[in-house]
Amino acid sequence: MQANNLSGGQELICINVDKVYDWVLNEASFDLTLTDIDLPDGVTCADFDPAAVTCTVTPDSVEVLERTNRTFVIDGVETILQVVTLRKNFTVTILIPITGTGVVEEVELEFSRCEQVVLCAPEGTDVDVTYSDADCFVCTFDCTDDGTDTDELATFDAQITVRLCQSIQSSFPVTVEFLAEFCEPRDVLPTPCPSPVRPPQCPVVFPIIDGGNGEA
């Protein structure tokens, strides 16, 4: 950072920041079809109520697969924007509450889904995706086992809907110059010295009161 002194307590300052080229907020919703997924070890279809099964979703990394220049006409002005292809990776956790035990078994599954978004994101800019909300719900859940005491063939099919609320930005590091005043430190909070503190006495046992004259 570089600063030049000016009158009036202001200075001309150069700082390094990320310039936002474009920024959109959107919601992505998609369905996941799960087929023949193994139940956790030792769990059979009789151990839980399929209607009580829920899920959570945890977003992981986002990859920019491709960006393609495309001409658009916006408010009568022809401009070149980029169609950005994103691959979003996330983990869906199936929560299976075992009836009458308080135990919740989990099945973690990793998925990837691709999405295209139109941005001002020319080559060289960074595309970042952050999530303000991520949730899912179980639409259908069907459990199947072999009908015996063994759980080796216990599997389930499910239809899961995932919803992601996301903020997508394209940015590039730049050096900017502006006129500003430096911040001043706040006043120090008063911290008066505490009064002397004496530990409490034990008058029941000491000092001994003279019963004759009432003096210790």
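Residues numbered from 1 in each chain as written. Predicted model: local features only at pLDDT ≥ 70, side-chain atom pairs only at ≥ 80, totals over all residues. Heavy atoms only, no water.

1. Examining the nonpolar core
Part 1: Core analysis: the largest hydrophobic core is formed by 28 residues, its most contacted members being Leu32, Leu34, Val92, Ile94, Phe156, Ile160 and Val162.
Part 2: Of all elements in the fold, only strand 2 (10-38), strand 3 (54-74), strand 4 (77-97), strand 5 (104-119), strand 6 (126-144) and strand 7 (155-181) reach the threshold of two or more residues within this core.
Part 3: With near-sequence residues (within four places) excluded, Leu32 lies in contact with Phe90, Val92, Phe111, Arg113, Ala158, Gln159, Ile160 and Val162.
Part 4: Of all hydrophobic cores here, the second largest spans eight residues; its members include Val84, Leu119, Val127 and Val129. (Core = buried A, V, L, I, M, F, W, Y, C linked by side-chain atoms within 4.5 Å. Buried < 20%, exposed > 50% of the residue type's maximum accessible area, 1.4 Å probe, protein only. Helix = DSSP H or I, 4+ residues; strand = E, 2+ residues; numbered from the N terminus. Contact = heavy atoms within 4.5 Å.)

2. Some details on the pattern of salt bridges
Part 1: For the structure shown, the criterion picks out six salt bridges.
Part 2: We note a salt bridge from Arg163 to Glu27, for which the minimum N-O separation is 3.7 Å. Note that Arg163 is positioned in strand 7 and Glu27 in strand 2, a separation of 136 residues in sequence.
Part 3: Taking the shortest distance from any N to any O, the salt bridge between Asp135 and Arg163 comes out at 3.0 Å. (Salt bridge = Lys/Arg side-chain N within 4 Å of Asp/Glu carboxyl O.)

3. A look at the pairing of strand 4
Every regular strand shows the same layout, with side chains that alternate between the two sheet faces.
Part 1: Within strand 4, 15 of the 21 residues are buried, leaving the element largely enclosed by the surrounding structure.
Part 2: Both strand 3 and strand 4 contribute to a ladder of 18 bridges, which runs antiparallel. Looking across to strand 4, one finds that Val62 is bridged to Lys88.
Part 3: The loop that links strand 3 with its antiparallel partner strand 4 comprises two residues; one of these, Asp75, has a positive phi angle of about 55°.
Part 4: Sheet topology places strand 4 next to strand 5; 16 bridges connect them, and they run antiparallel. Looking at strand 5, one finds that Asn89 is bridged to Ser112.
Part 5: If you look at the hairpin formed by strand 4 and strand 5, you'll find six residues sitting between the two strands, and Gly100 has a positive phi there, around 75°. (Pairing = 2+ DSSP bridges.)

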